[in-house]
Amino acid sequence: MKTSQTGDTGWNAYYEFTRHAPPRDTLLKALAAFEEEQFQGMAVDLGCGNGRDCMPLLEKGWRVLAVDREAGAEHFIRDLLPSKWEDQFVFVTTSFEELDWPTVDFVNASYALPFCPRDSFEPLWQKMCTALRSGGRFAGHFLGQEDDWATEWNVQTHSRQAIDDLFAHWTLEDFREEQSDEKGLGGHWKHWHIYHVVARYSRKSG
């Protein structure tokens, strides 16, 4: 997990710190659901960071649009990207709210959406839903209101009711609310309040 928004160490240090970290469980659960359907298509990885979630998607044959505002993320990923996957991979250096969305089958947002400015979150969510095909999936994380960052930084947090409202017209395939204390990259303890979500979208009921 990210231990500061940029922190004293910066994002490059975070990328190195998590270089060998496994892909997120939410991503793997969504991929497993797609595999049962024998489906692969176009995925957007919001806040892709060092690419820990991009690589499993590419390995399974997905086309991936990786999005991150940090230019260092692209350099880090391309240093690790096998040449056989280059034709499946596109990186865009931009903020979430400025992304020009293609039509997509899967949106992955591992610990990314809390960093969307609060006044931009609702328009971003609507753009994402418009871009996502019916039957597509979302996998990602939201911060709850008891998370330490709720008061420390201008990050986006959600109540449980707000999460229920966001996914009112989705099928929740996996949902877990977690609270824990953890020491991170900077050596500081942090209280986490996290919602882990995998959901299937139905445009007809949205």
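The structure we're discussing is the one just above.
Reference entry: report on the structure contained in this document. (Residues numbered from 1 in each chain as written. Predicted model: local features only at pLDDT ≥ 70, side-chain atom pairs only at ≥ 80, totals over all residues. Heavy atoms only, no water.)

A separate point is the overall build of the chain. Helices and strands together make up the secondary structure of the chain, namely seven helices and eight strands. A buried classification covers 52% of the 206 residues belonging to the chain. Of the contacts made within the chain by residues no fewer than 6 positions apart, 71% connect residues no fewer than 24 positions apart. A total accessible area of about 10000 Å² is found for the chain, and carbon and sulfur atoms account for 45% of it. (Helix = DSSP H or I, 4+ residues; strand = E, 2+ residues; numbered from the N terminus. Buried < 20%, exposed > 50% of the residue type's maximum accessible area, 1.4 Å probe, protein only. Contact = heavy atoms within 4.5 Å. Areas by Shrake-Rupley, 256 points an atom, 1.4 Å probe, with all protein chains shown as cover.)

A few words now on helix H4 (residues 71-80). Among all positions in H4, only Ala73, Phe76 and Ile77 are buried. With its buried residues spanning 95 degrees around the axis, H4 presents them on a single face. Exposed and facing more than 90 degrees away from the buried side of H4 are His75 and Asp79. (Arc of directions from axis to C-beta.)

What follows concerns the environment of Leu80. In this fold, Leu80 is placed in helix H4. Of the residues examined, Leu80 reaches a relative accessible area of 36% and is grouped as partly exposed. As a C-alpha pair, Leu80 and Met55 span 25 residues in sequence and 9.2 Å in three-dimensional space.

The next subject is the packing of aromatic side chains. Tallied over the full model, the rule gives 20 aromatic pairs. Directly above the aromatic system of Phe34 lies the positively charged group of Arg137, at a separation of 4.6 Å from the ring centroid. Positioned over the ring face of Trp149 is Lys190, at 4.5 Å from the centre of the ring. (Phe/Tyr/Trp six-rings, centres within 6.5 Å; stacked < 30°, edge-to-face > 60°. Lys NZ or Arg CZ within 6 Å of the ring centre and 35° of its normal.)

What follows covers the environment of Gly47. By the element assignment, Gly47 lies in the loop between strand E1 (42-46) and helix H3 (54-59). Overall, the relative accessible area of 13% leaves Gly47 in the buried class. Counting along the chain gives 48 residues from Gly47 to Ser95, while the straight-line C-alpha distance between them is 8.6 Å.

Note on placement: Asp147 falls in the loop between strand E5 (132-144) and helix H6 (149-152). Of the residues examined, Asp147 reaches a relative accessible area of 2% and is grouped as buried. A polar contact is formed between the side chain of Asp147 and the side chain of Lys190, at a distance of 2.5 Å. With residues near it in sequence (within four places) discarded, Asp147 still touches Lys190, His191, Trp192 and His193. (Polar contact = N/O pair within 3.5 Å; in protein donor to acceptor, adjacent residues only side chain to side chain.)

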